[in-house]
Amino acid sequence: MSSTRPNRIGHKVTQWVSEQASREQWEVRILDLGEINLPFFDEEDMPKNGNYAKPHTQAWASAIFESDAVLVVTPQYNRSYPAPIKNAIDYLFAEWDSKPIGLVGYGWSGASDACADLAKVLTHVKADVVGGLGLSFPEQLTIDGSVVDAEGAASTELRDLLDTLHSKVLDLDGVAAQS
């Protein structure tokens, strides 16, 4: 979850996302930037060097490194994503390399600008952005954050995104096994 604002609704969207994940394919771990509390970047060395001195950086690096894939759930604020997710990305470098990542955005326009901007940044740090899903008010999302998916289209699209992520993980596992 990338928003840290008071009264945020991301926890409801994130819960819906986690409920869509097949338990046969995924062990879901929610990383909430509102709880992780990364300060603005405060490491002495550049992330590309991987010399993480601060305990919060080490914990964040470990969480991302140990994840087979990442699904970022983000709102759109002022036509882009919130600052805490950019800060969290900037803390690391090698941990993002080839990491399969999906994007789930939510907002009045389905967070299309936020997801496009995030994809650009994540691609720069060599993550493998495999796709995204946008949830729009009021079509798929209520103002309080409840997902309304009467037609099932958003659920189907999310399951397809999760399947794509899973395929990428299997591909990476196959490459690792051959090495």
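Residues numbered from 1 in each chain as written. Predicted model: local features only at pLDDT ≥ 70, side-chain atom pairs only at ≥ 80, totals over all residues. Heavy atoms only, no water.

Caption draft 1: Region of interest: the overall build of the protein. Looking only at helices and strands, one finds six helices and three strands in the protein. For the protein, whose C-alpha radius of gyration is 16 Å, the value lies close to the compact-globule estimate of 16 Å for 179 residues. Principal-axis analysis of the C-alpha atoms places the extent of the protein at approximately 45 × 40 × 25 Å. The 179 residues of the protein split such that 45% are buried. (Helix = DSSP H or I, 4+ residues; strand = E, 2+ residues; numbered from the N terminus. Rg over C-alpha atoms; globule rule 2.2 N^0.38 Å. Buried < 20%, exposed > 50% of the residue type's maximum accessible area, 1.4 Å probe, protein only.)

Caption draft 2: Up close: the packing of aromatic side chains. Inspection of the entire model under this criterion finds two aromatic pairs. For the pair Phe41 and Tyr91, a centre-to-centre distance of 5.1 Å together with 55 degrees between the ring planes defines the contact as tilted. With Phe41 in the loop between helix 2 (33–36) and helix 3 (55–66) and Tyr91 in the loop between helix 4 (83–90) and strand 2 (100–107), the pair connects residues that are 50 residues apart, well separated along the chain. Residue classification places Phe41 among the partly exposed positions, given a relative accessible area of 33%. (Phe/Tyr/Trp six-rings, centres within 6.5 Å; stacked < 30°, edge-to-face > 60°.)

Caption draft 3: Structural context of the pattern of salt bridges. In total, this model carries five salt bridges according to the counting rule given. Salt-bridge contacts for Lys12 lead to Asp144; the nearest nitrogen and oxygen are separated by 3.4 Å. With a gap of 132 residues between them, Lys12 in helix 1 (residues 10–20) and Asp144 in the loop between strand 3 (128–136) and helix 6 (153–178) connect regions that are remote in the sequence. Judged by its relative accessible area of 33%, Lys12 is partly exposed. Asp90 serves as the salt-bridge partner of Lys86, at 2.8 Å between the closest nitrogen and oxygen. Placement of the pair is Lys86 and Asp90 together in helix 4, with a separation of four residues, close to one helical turn. (Salt bridge = Lys/Arg side-chain N within 4 Å of Asp/Glu carboxyl O.)

Caption draft 4: Just helix 3, in detail. In this model helix 3 runs 16 Å from its N-terminal to its C-terminal C-alpha over 12 residues, within 8% of the 16 Å that 1.5 Å per residue would give. Within the sequence span of helix 3, burial applies to Thr57, Trp60, Ala61, Ala63 and Ile64. Down the axis, helix 3 shows its buried residues gathered within 160 degrees of arc, on one side only. Opposite the buried face of helix 3, at more than 90 degrees from it, the exposed residues are Pro55, Phe65 and Glu66. Its buried side turned inward, helix 3 meets helix 2, strand 1 (70–75) and helix 4. (Expected span 1.5 Å × (residues − 1). Arc of directions from axis to C-beta. Contact = heavy atoms within 4.5 Å.)

Caption draft 5: Representation of the packing of helix 4 against helix 5 (residues 112–124) in the model. Closest axis-to-axis distance for the helix 4/helix 5 pair is 11 Å, and the angle between their directions is 10 degrees. Relative to helix 5, helix 4 is oriented roughly parallel. The residues of helix 5 that touch helix 4, namely those facing Ile85, Lys86 and Ile89, are Leu118, Val121 and Leu122. Class assignment for the residues of the contact of helix 4 with helix 5 results in five nonpolar, no polar and one charged. (Axes fitted to C-alpha atoms, helices over the stretch in contact; angles between N-to-C directions. Parallel < 35°, antiparallel > 145°, perpendicular 65-115°, else oblique. Nonpolar A, V, L, I, M, F, W, Y, C, P; charged D, E, K, R; others polar.)

Caption draft 6: Local environment of unusual backbone geometry. Put simply, Phe137 and Pro138 share a cis peptide bond, and its omega is -15 degrees. Topologically, Pro138 is positioned in the loop between strand 3 and helix 6. Even without glycine at this site, Asn7 takes up a positive phi of about 65 degrees. In this fold, Asn7 is placed in the segment before helix 1. Using a relative accessible area of 78% as the deciding quantity, one classes Asn7 as exposed. The backbone of Ala111 shows a phi angle near 60 degrees, a positive value even though the residue is not glycine.

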